[in-house]
Amino acid sequence: MKIIMLGAPGAGKGTQAKKIAEKYAIPHISTGDIFRANIKNGTELGQKAKGYMDQGLLVPDELVVDLVADRVKQDDCKNGYVLDGFPRTIPQAEALDHALAEMGEKMDYAINVEVPDENIVNRMSGRRACVDCGATYHIVYAPTKEDGVCDKCGGSLILRDDDKPETVKKRLGVYHDQTQPLIDYYTNAGILKEVDGTIEIEDVFGEIVKILGA
Ligand code: AP5
Ligand code: MG
Ligand code: ZN
């Protein structure tokens, strides 16, 4: 089962992708997480990506396309995977289709998690991410057992640099310009599914399971 998660920044792509990966035992591939890990480890890719990310801009297509094309060819992707944060532009979607076609494969689902812009800024200011394992929480909607401490690994929680309200607004603008056109792209491909992302996390997941099948 090969799944793409679509949706605005903060719509809940990562939250739902992790649950999908766990239930269906497939890898969760988040390009944002890959870039953040590269930044943390001080790699050349991380250094290139950081400037764009901090400004709320997309990293150039050429830095991300080969990375994902290589990742989905790994062994653990044989039974499928869930892509979170990729593709984000029409050229990325075309490159993905091309890479899959070479392997005689195609995507099965593009799930669009719908949340209006008004809800997003508020949601992001409450998000907290673990510096060690990348788990994400929300101070109101998905709190940890102990304040500021990751439930999964005990690491400390931070507000992501790009989750400041000004940067979130910028990211929303970029989303509408460059990523929203993918909704038509995957509608035309016949694989688009919509879910309401404003309901509770477990209920959103319930809608997704209805689409994917138990
Ligand atoms: P990325 O890390 O992908 O960020 P994003 O798309 O902006 O999305 P987020 O991770 O911010 O949101 P999400 O939808 O995953 O929401 P989450 O589940 O955390 O990318 C970061 C940057 O990297 C980009 O800006 C770009 O620079 C670069 N980049 C990455 N991929 C790229 C690509 N392909 N091309 C070019 N550049 C790329 O949820 C948000 C919060 O809400 C959490 O606190 C969560 O607990 C809470 N929440 C979730 N669901 C609910 C709910 N139903 N009700 C209440 N709260 C909820
Ligand atoms: Mg995310
Ligand atoms: Zn952690």
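That block above? That's the structure.
In short, a report on the structure. (Residues numbered from 1 in each chain as written. Chains lettered and ligands numbered in written order. Predicted model: local features only at pLDDT ≥ 70, side-chain atom pairs only at ≥ 80, totals over all residues. Heavy atoms only, no water.)

**A look at a nonpolar patch on the surface**
Taken together, the side chains of Ile139, Val140 and Tyr141 define a hydrophobic patch exposed on the protein surface, amounting to about 340 Å² of accessible area. With respect to the helices and strands, Tyr141 occurs in the loop between strand S6 (136-138) and strand S7 (157-158). (Patch = residues over 30% accessible without salt bridge, like charges linked within 9 Å, V, L, I, M, F, W, Y side chains within 5 Å. Areas by Shrake-Rupley, 256 points an atom, 1.4 Å probe, with all protein chains shown as cover. Salt bridge = Lys/Arg side-chain N within 4 Å of Asp/Glu carboxyl O. Helix = DSSP H or I, 4+ residues; strand = E, 2+ residues; numbered from the N terminus.)

**Let's talk about the coordination of the zinc ion (ligand 3)**
Coordination of the zinc ion (ligand 3) by the protein comes from Cys130 (SG), Cys133 (SG), Cys150 (SG) and Cys153 (SG), over a distance range of 2.3 to 2.4 Å. For the zinc ion (ligand 3), the four donor atoms are set out with angles of 101 to 115° between them, so the coordination reads as tetrahedral. The sequence pattern formed by the donor residues of the zinc ion (ligand 3) is C-x2-C-x16-C-x2-C. Pair noted here: Cys130 is in strand S5 (residues 127-130) and Cys150 is in the loop between S6 and S7, with a separation of 20 residues, a long-range link. (Donors = N, O, S within 2.8 Å, 3.2 Å for Na, K, Ca; no water. Tetrahedral: all angles 85-135°; square planar, octahedral: opposite > 155°, others 65-115°.)

**Some details on the pairing of strand S1 (residues 2-6)**
Within S1, five of the five residues are buried, leaving the element largely enclosed by the surrounding structure. With burial as the criterion, each face of S1 is covered, one bearing Lys2, Ile4 and Leu6 and the other bearing Ile3 and Met5. Where S1 lies against strand S3 (residues 81-84), four bridges are found, and the strand directions are parallel. Residue Ile3 lies in a different strand from S3, and its bridge partner there is Val82. Two strands pair when backbone bridges link them, and S1 and strand S4 (residues 109-114) are joined in this way by four bridges, in the parallel orientation. By the bridge assignment for S4, Leu6 is matched with Asn112. (Buried < 20%, exposed > 50% of the residue type's maximum accessible area, 1.4 Å probe, protein only. Pairing = 2+ DSSP bridges.)

**A few points about the site of ligand 1**
Near ligand 1 you find 36 residues, and of these Thr15, Leu57, Arg88, Arg127 and Arg171 are the closest. Take Thr31: an N or O atom from its side chain is 2.7 Å from a nitrogen atom of ligand 1. Summarising the interface, the protein chains cover 96% of the accessible area of ligand 1, which totals 1,000 Å² for the free molecule. Mapped by element, the contributors of at least two residues to the shell around ligand 1 are helix H1 (13-24), helix H2 (31-40), helix H6 (117-125), S6 and helix H9 (201-212). Class assignment for the residues of the shell around ligand 1 results in 17 nonpolar, 10 polar and nine charged. (Near = heavy atom within 4 Å. Polar contact = N/O pair within 3.5 Å; in protein donor to acceptor, adjacent residues only side chain to side chain. Nonpolar A, V, L, I, M, F, W, Y, C, P; charged D, E, K, R; others polar.)

**Here we look at the sheet that holds S5**
Taken in spatial order, the three strands make up an open sheet running S6-S5-S7, and their pairing is antiparallel. With one partner strand each, in any of the chains shown, S6 and S7 form the two edges of the open sheet. Taken together, the two bridges between S5 and S7 define a ladder with antiparallel strand orientation. Each residue of the ladder has a partner; that of Ala129, found in S7, is Ile158.

**Examining the sheet that holds S1**
One open sheet holds the five strands; their spatial order is S2-S3-S1-S4-S8, and the pairing between them is parallel. Where the open sheet ends on each side, the last strands, each with one partner, are strand S2 (28-30) and strand S8 (192-196). Direction aside, the axes of adjacent strands within the sheet are offset by 25° on average. In the packing of H2 onto the sheet, the strands contacted are S2 and S3, and the crossing angle to S2 comes to about 65°. (Axes fitted to C-alpha atoms, helices over the stretch in contact; angles between N-to-C directions. Contact = heavy atoms within 4.5 Å.)

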